[in-house]
Amino acid sequence: MAESRRRLRSSTVVLGGMGVLAAALTSCGSDPDRRCVDRDSYDHLNGYKIVADRSCTSSGTTPRSPGKGGGTRTDADWYYDADVSDGYADDGTFSRSEAVDRGGFGCSGSGSGGG
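Residues numbered from 1 in each chain as written. Predicted model: local features only at pLDDT ≥ 70, side-chain atom pairs only at ≥ 80, totals over all residues. Heavy atoms only, no water.

Caption draft 1: Quick peek at the sheet that holds strand β2 (residues 48-49). The sheet built from three strands is open, its strands ordered β2-β6-β5 with antiparallel pairing. Sheet topology places β2 and β5 (83-85) at the edges, where each strand pairs with a single neighbour. Pairing of β5 with strand β6 (residues 88-90) involves three bridges; the strand directions are antiparallel. Bridging from a neighbouring strand, V84 pairs with A89 of β6. (Pairing = 2+ DSSP bridges. Helix = DSSP H or I, 4+ residues; strand = E, 2+ residues; numbered from the N terminus.)

Caption draft 2: Spatial organisation of the side chain of D90. Topologically, D90 is positioned in strand β6. According to the relative accessible area criterion, D90 is buried, its value standing at 16%. Once you skip the residues sitting within four places of it in the chain, D90 turns out to touch Y42, N46, G47, Y79, A82 and D83. (Buried < 20%, exposed > 50% of the residue type's maximum accessible area, 1.4 Å probe, protein only. Contact = heavy atoms within 4.5 Å.)

Caption draft 3: The arrangement of the nonpolar core in detail. Judged by nonpolar contacts, C36, V51, C56, A76, W78, Y80 and A99 together constitute the single largest core of seven residues. Here this core gets three residues from one element, more than from any other, and that element is strand β4 (residues 73-80). The next biggest cluster of nonpolar side chains, apart from the first, holds six residues, and it includes V37, I50, Y79 and A89. (Core = buried A, V, L, I, M, F, W, Y, C linked by side-chain atoms within 4.5 Å.)

Caption draft 4: Layout of the environment of A89. Relative to the assigned elements, A89 resides in strand β6. We classify A89 as buried; its relative accessible area is 0%. Each C-alpha atom, one on A89 and one on Y48, is 5.2 Å from the other, the two residues being 41 residues apart in sequence.

Caption draft 5: Layout of the state of the cysteines. This structure, assessed with the given rule, holds one disulfide. Here C36 is linked by a disulfide to C56, with a sulfur-sulfur distance of 2.0 Å. Sign of the S-S torsion, about 105 degrees for the bond between C36 and C56, identifies this disulfide as right-handed. Of the two residues, C36 sits in strand β1 (residues 34-38) while C56 sits in the loop between β2 and β3 (61-63), which places them 20 residues apart along the sequence. Of the two residues examined, C36 and C56, each falls in the buried class. (Disulfide = S-S within 2.5 Å.)

Caption draft 6: Molecular detail of the pattern of salt bridges. Using the criterion set out here, one finds two salt bridges in the structure. As a salt-bridge pair, D33 and R35 come within 3.0 Å of each other at their nearest N and O atoms. Both residues of the pair, D33 and R35, count as buried. Where D77 meets R39, a salt bridge forms, and the shortest distance between an N and an O atom there is 3.1 Å. Of this pair, D77 sits in strand β4 while R39 sits in the loop between β1 and β2, and the two are 38 residues apart along the sequence. According to the relative accessible area criterion, R39 is partly exposed, its value standing at 33%. (Salt bridge = Lys/Arg side-chain N within 4 Å of Asp/Glu carboxyl O.)

Spelled out as structure tokens, the structure:
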């Protein structure tokens, strides 16, 4: 009788662990971590300047606020699986499929950023 209880408990633990693993994988999905960046802002020390998520539209180009320059445009695009520091993103890729292929899943960070 004790042996059957032991088996039941160990199988319950295994099944419970599988459920937790399945839930974790499902919640992560296959979307890599991404940041909206200005492609024209690359700095060799810092990387790309992170901009507001709303700047990353389907066309990838949105107007900036008019200023001295008379309203220049920013070339904003999603930058995937990057190292983020002090408002800059570096060592990532603009290719979503490449980010997924190299294992960049969206569980490590907030998923999106920008202001």
